Amino acid sequence: QNTHTHTHCYSEVQSTLRTLGSKVDDLSTCNDLISKHGSALQRSLSELDSLRLTGEAGDKIRQVTERATLFRITSNAMINACRDFLSLAQAHSKRWQKALQAERDQRVRLEDTLEQLAKQHNHLERAFKSNTSADSSATAKGEGSDEDDDNEFFDAVEEAPEFITVPADPHFHKSVHPLCVPPRLIGQPGVKRRTKIPDKPNYSLNLWSIMKNCIGKELSKIPMPVNFNEPISMLQRLSEDLEYYELLDKAAKCQSSLEQLCYVAAFSVSSYSTTVHRTGKPFNPLLGETFELDRRRETGYRSLCEQVSHHPPAAAHHVISDRGWTLRQEIAVASKFRGKYLSIMPLGTIHAVFNKTNHHYTWKKVTTTVHNIIVGKLWIDQSGEIDVINHQTGDRCHLKFAPYSYFSRDVARKVTGVVMDKDGKAHYILSGTWDEKMEFSRVMQSTMGENGTEGRQKTVYQTLKAKELWRKNPLPEGAETMYFFTHLALTLNEPEEGVAPTDSRRRPDQRLMEEGQWDEANAEKQRLEEKQRGVRREREREAVSQRAASESEEGTYQDNYTAQWFERCEDPVTGESTHIYKGGYWEAKERGSWESCPEIY
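Here the residue numbers are simple positions, counted from 1 along each chain's written sequence. Only residues with pLDDT of at least 70 are given local features in this predicted model, and only at 80 or more are side-chain atom pairs given and counted; all residues enter the totals for whole chains, interfaces and linings. Only hydrogens and water are removed before side-chain values are computed, so all heavy atoms of the structure are retained for them.

Under the annotation held in an unreviewed UniProt entry, the chain carries the name Oxysterol-binding protein and is attributed to Esox lucius. The UniProt entry for the chain carries the following text under Subcellular location (unreviewed entry): "Membrane". Per UniProt, the chain carries the Sequence similarities (unreviewed entry) text "Belongs to the OSBP family." UniProt positions are given in the numbering used here, feature names are shortened, and annotations may be inferred rather than shown by experiment.

Before going further, it helps to examine the overall build of the chain. A count of helical and extended segments in the chain gives 12 helices and 20 strands. Accessible area is worked out with a 1.4 Å probe on protein chains only. A residue is then buried under 20% of its type maximum, exposed over 50%, and partly exposed in between. Per-residue burial for the chain yields a buried fraction of 45% across its 601 residues. Working rule for contacts: check all heavy atoms of both residues, and any pair within 4.5 Å makes them a contact. A separation threshold of at least 6 residues defines the contact pool for the chain, and within that pool the share at least 24 residues apart is 62%. Using the Shrake-Rupley algorithm and a 1.4 Å probe, accessible areas are obtained, with residue cover drawn only from the displayed protein chains. For the chain, the accessible area works out to roughly 32,500 Å², and carbon and sulfur atoms hold 52% of it. Numbering of helices and strands starts at the N terminus; helices are DSSP runs of H or I of at least 4 residues and strands are runs of E of at least 2.

This next bit is on a nonpolar patch on the surface. Patch definition: residues above 30% relative accessible area lacking any salt bridge, with like charges linked at up to 9 Å and the nonpolar side chains Val, Leu, Ile, Met, Phe, Trp and Tyr linked at up to 5 Å. Salt bridge criterion: a side-chain nitrogen from Lys or Arg within 4 Å of a carboxyl oxygen from Asp or Glu. Taken together, the side chains of Tyr404, Tyr406 and Phe407 present a nonpolar region at the surface, about 390 Å² in accessible area. Positionally, tyrosine 406 belongs in the loop between strand 13 (396-401) and strand 14 (414-420).

Leaving glycine aside, a negative phi is the common case for residues, and trans is the common case for peptide bonds. With a phi angle near 60°, asparagine 358 is a residue other than glycine that sits in the positive phi range. Mapping asparagine 358 onto the fold places it in the loop between strand 9 (350-354) and strand 10 (360-363). With a phi angle near 60°, phenylalanine 484 is a residue other than glycine that sits in the positive phi range. Considering the arrangement of structural elements, one finds phenylalanine 484 in the loop between strand 18 (467-471) and helix 9 (487-492). For phenylalanine 484, a relative accessible area of 28% corresponds to the partly exposed category.

Two aromatic rings from Phe, Tyr or Trp, using only the six-membered ring of Trp, form a pair when their centres are within 6.5 Å; if the ring planes differ by under 30 degrees the pair is stacked, by over 60 it is edge-to-face, and anything between is tilted. In this structure the tally under the stated criterion is 14 aromatic pairs. Ring geometry for tryptophan 565 against tryptophan 594: centres 6.3 Å apart, planes inclined by 90°, an arrangement best described as edge-to-face. Of this pair, tryptophan 565 sits in the loop between helix 11 (518-550) and strand 19 (566-570) while tryptophan 594 is found in the segment after helix 12 (585-591), placing the two residues 29 residues apart along the sequence. Of the residues examined, tryptophan 565 reaches a relative accessible area of 6% and is grouped as buried. A relative accessible area of 14% means that tryptophan 594 is categorised as buried. Taken together through their ring pairs, the aromatic side chains of Trp565, Tyr585, Trp586 and Trp594 make up a single cluster. Directly above the ring of tyrosine 272 sits lysine 365, whose terminal nitrogen or CZ lies 5.5 Å from the centroid. Whether a charge sits over a ring comes down to the Lys NZ or Arg CZ being within 6 Å of the ring centre and within 35 degrees of the ring normal. It is arginine 413 that lies over the ring of tryptophan 434; its NZ or CZ is 5.8 Å from the centre.

This part covers the packing of helix 6 (residues 246-253) against helix 7 (residues 257-270). Packed helices, taken two at a time, are described by the angle between their axes plus the distance between the axes. Where helix 6 meets helix 7, the axes come as close as 8 Å, and the angle between the chain directions of the two elements is 170°. Here helix 6 lies roughly antiparallel to helix 7, going by the angle between them. Residues Leu247, Leu248, Lys250, Ala251 and Ala252 of helix 6 touch helix 7, and the partners they reach there are Gln260, Tyr263, Val264, Ala266, Phe267 and Ser270. What counts as an axis is a line fitted to C-alpha atoms, over the stretch in contact for a helix, and the angles between N-to-C directions run from 0 to 180 degrees. These descriptions rest on fixed angle ranges, namely under 35 degrees for roughly parallel, over 145 for roughly antiparallel, 65 to 115 for roughly perpendicular, and the rest for oblique.

We now examine the nonpolar core. In this description, a nonpolar core means a group of buried Ala, Val, Leu, Ile, Met, Phe, Trp, Tyr and Cys residues linked to one another through side-chain atoms lying within 4.5 Å. Counting residues in hydrophobic clusters, the biggest one holds 65 residues, and the most contacted among them are Trp325, Leu327, Trp363, Val388, Leu399, Phe401 and Leu430. Ranked by residues supplied to this core, first place goes to helix 7 with 9 residues. Contacts of valine 388, omitting those with residues within four sequence positions, involve Leu261, Val264, Ala265, Ser268, Tyr361, Thr362, Trp363, Asp395, Arg396, Cys397 and Leu399. Grouped together as the second largest cluster of nonpolar side chains are 15 residues, Val308, Ala500, Trp586 and Ala588 included.

Position of leucine 342 relative to the elements: it lies in strand 8 (residues 341-347). Along the chain, leucine 342 and asparagine 372 lie 30 residues apart, while their C-alpha atoms are 8.7 Å from each other.

With that settled, the discussion passes to helix 6. Residues separated by three or four positions in an α-helix point in the same direction, a consequence of the helix having 3.6 residues per turn. The buried fraction of helix 6 amounts to 7 of the 8 residues, a majority that puts the element mostly inside the structure. For helix 6, the set of buried residues is Glu246, Leu247, Leu248, Asp249, Lys250, Ala251 and Ala252. Packed against the buried residues of helix 6 are helix 7, helix 8 (296-299), strand 6 (314-321), strand 7 (325-337), strand 9 and strand 18.

To estimate how far a helix should extend, the number of its residues minus one is multiplied by 1.5 Å. Under the 1.5 Å per step criterion, the end-to-end length of helix 7 is 20 Å for 14 residues, consistent within 8% with the ideal 20 Å. With 14 of its 14 residues buried, helix 7 lies for the most part within the structure. Side-chain atoms alone can form a polar contact between residues adjacent in sequence; in general such a contact is a pair of N or O atoms within 3.5 Å, and within protein one must be able to donate a hydrogen while the other accepts it. With a side-chain oxygen positioned 3.2 Å from the backbone nitrogen of leucine 258, the residue opening helix 7 is serine 256.

Per-chain confidence: the chain averages 81 in pLDDT, with 79% of residues scoring 70 or above. Under a pLDDT of 50 for its full length, residues 133-158 has, in the predicted model, 47 contacts with residues more than four places off or in other chains. For every residue, the predictor reports its confidence as pLDDT, a number between 0 and 100. Scored below 50 in pLDDT, residues 175-188 shows 28 contacts in the model against residues more than four places distant or in partner chains.

Turning to the pattern of salt bridges, a few remarks are in order. Summed over all chains, the structure comprises 32 salt bridges. Note that glutamate 524 is salt-bridged to arginine 527, the shortest N-O span being 2.4 Å. Taken as a pair, glutamate 524 and arginine 527 lie in helix 11 at a separation of 3 residues, close to a single helical turn. Among the residues examined, arginine 527 registers a relative accessible area of 37% and is labelled partly exposed. Salt-bridge contacts for arginine 541 lead to glutamate 538; the nearest nitrogen and oxygen are separated by 2.6 Å. With a gap of 3 residues between them, arginine 541 and glutamate 538 both fall in helix 11, about one helical turn apart. For arginine 541, a relative accessible area of 47% gives the class partly exposed.

This part covers the pairing of strand 6. Along strand 6, 7 of the 8 residues are buried, which leaves the element largely enclosed by surrounding structure. DSSP calls a pair of strands paired once it identifies at least 2 bridges connecting them. The turn linking strand 5 (residues 301-309) back onto strand 6 is made up of 4 residues. With 8 bridges connecting them, strand 6 and strand 7 associate as antiparallel partners. Looking at strand 7, one finds that alanine 315 is bridged to isoleucine 331.

Written out as structure tokens, the structure is:
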């Protein structure tokens, strides 16, 4: 990547020099023409002057002659200046190339130094944890997610596929009915939403002054300026999972549980399509912050998010649709800056339940990696393996997100999956990319093939022709100047009447950033974070007072914060401790009764 960056800079300088040379040649040609036509003009004027015209005509001819002479002198001076500039540029080109090489070497050394610092910090952190007493067993959710020292993101070696698909025999095509793909459901006409936000300003920032204090730390604990952000909160980002809600609408209409699983799996992949160009960091929600997305009139669903924990940051999300499905999740984010890259590990389980069949699906999210934090252009990759499980039937889909590899001959951002019943028999093969589209193929036969390179047998699936499950929507016009937001993302921070006072749309620092007032947004962000720390200290004092009054011998402080619209309980399906929507929000909105909401802004 570094070599590519240096080569690109070098070729860009050479291209610029060639362009300058071409333009100076054009100017020289023009200079010759000007000299030629200027001389002819002056001869004509001299001939006119020799006529010894008197009066006003003679004065006019002399003025024109003087101006023509001045024009010729100025043109010659301009051409000479351009020629001098080209000579200077050519003379300094080698010096520029050396400067580019020196800068490249310096950045590589900086990157290596940062990586070593990150490793040393990780060693110290682990040594400290191993020497602390084991009485603090109640670790925070997400603390155990630190990566091992050797778990670094190198260019992945291209792995051999676990299975091979081949076209099925022709007689299968005749004997099998075509899959019924429900048409895309069109929502009822609703409120007219905005289609633009102010363009992103081009502000400079000293990256090193920020990053040198970040190594090895949780990203959520670092006071970041809004220059790294995009003007939406993590709650709104989580709501963007509904960008392709129609996949769940289609799944609700499927008669076959295995077909339904294909659509649910495609929905789990589609949520990553909005991340491919989104290198900005969402705002960390304040504790108690909420975000509602009421699209019931347009697309049939209502969504509510609430920040239920601050350290570690965790958000609970609940969606109910009039079209026969419910989606819920609690996602905590563990993130580490490692010098070369930023790894983001979402922790928690996503649930989708279909009312008609009571099929209950669960899955998790894969790891997101932001590369080239210090050197080069930022880019994002998704990698890992997940299982989408139907807990009623035992069906499952195993999805594999292949990490990017420079040496791979395969398509980038590839995702493959196998849909199997409870007995492990494959029924569908899923293939595609997480940033573009997903297709599925019906499996007609499966056989065990020859041993692969590592001695493992590959399964050969005979499949029907692939059908499209999902395709990414095109970005809005001008998206590159609007943080690469999708059509849905552009509407998320649009002001709405009647939302809760804790809604993300009312957050002042986020609103100022969207309007391009970044200095004011940074000041407001610091005020809000300090206010939140003050509220937390007050809760700690209250907890200490209550313990002292009850003569309790509790060891460490436990945050006694209680969420407003969600309650903590044990998930009946996974057994995890999670927050589930307890109701009341939409009824409070209808009454306009928000007295119970905390004042967080």
